[in-house]
Every structure is written in structure tokens, then in C-alpha cells.
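Here is what each chain is made of, one letter per residue.
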Amino acid sequence: MLTQTNLETIAVQLVQVTPTVVTAKTETNQIIEIKPAPHDQHDHAFWQSLKDIAQAKIWLPVTKGTHELLQHDWLSTMPAI
């Protein structure tokens, strides 16, 4: 997950969650693939959270160009570094 705040984002709903790739649908019904960060690939809580989010059909922010999940949503304030 990325933590930068100056990235252009798009909204997606998760369609399918597998151990290697997450498939999502954009607001314009485009299907994209989200590849999780290497440190998330073996995190069981991360995968269960994604499955729950997909089931609830919650919209998530991802980067527009690289389709990476963001650590914070649109309403969160970034923590001080």
C-alpha cells in the first residue's frame, strides 16, 4: 500500500480477490488488476480484509496510473512523519 498524498486516485470496487491478484471495477466499469505489495502477499489479515471489502462492495482509492492500493482513504488525514 502506498502512503503518499499527492497521487491522482480513482475509485474502484473489488470484484475478485485471489492470493496473487485483486480484480477491481472502476466507476466507468473498466476492469483493472491490482497487484498487492510484496509485504502484503503473506498477510492473512490483509487478504481477509480485502475479501470482506469485496463482499461489502465498498469503494476504495487506488492510484490512477499504477493501480496500487492506498493506505489511507479520501477522508483520512495523513499522519505526521
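Our structure's up above, just so we're on the same page.
About the thresholds
- Residues numbered from 1 in each chain as written.
- Predicted model: local features only at pLDDT ≥ 70, side-chain atom pairs only at ≥ 80, totals over all residues.
- Heavy atoms only, no water.
- Helix = DSSP H or I, 4+ residues; strand = E, 2+ residues; numbered from the N terminus.
- Contact = heavy atoms within 4.5 Å.
- Areas by Shrake-Rupley, 256 points an atom, 1.4 Å probe, with all protein chains shown as cover.
- Expected span 1.5 Å × (residues − 1).
- Buried < 20%, exposed > 50% of the residue type's maximum accessible area, 1.4 Å probe, protein only.
- Arc of directions from axis to C-beta.
- Polar contact = N/O pair within 3.5 Å; in protein donor to acceptor, adjacent residues only side chain to side chain.

(A) Highlighting the overall build of the protein. Across its full length, the protein holds 1 helix and 4 strands. Reading the protein from its N end, one meets helices and strands in the order β-β-β-α-β. When contacts within the protein are restricted to residue pairs at least 6 apart in sequence, those whose partners lie at least 24 apart make up 53%. For the protein, the computed accessible surface area is about 5,700 Å², with 53% contributed by carbon and sulfur atoms.

(B) Region of the structure containing helix 1 (residues 44–56). Relative to the 18 Å expected for 13 residues at 1.5 Å per residue, helix 1 spans 18 Å between its end C-alpha atoms, a close match to the ideal helical length. When we look at burial in helix 1, the residues that qualify are F46, W47, L50 and A54. For helix 1, the arc enclosing every buried residue in end-on projection is 95 degrees, short of the 170-degree limit, so these residues lie on one face. Opposite the packed face of helix 1, turned more than 90 degrees from it, sit the exposed residues H44, A45 and Q55. Where helix 1 begins, the capping side chain belongs to D43, and its oxygen is found 3.1 Å from the backbone nitrogen of A45. One or two residues past the end of helix 1 sits K57, with phi positive at roughly 60 degrees.

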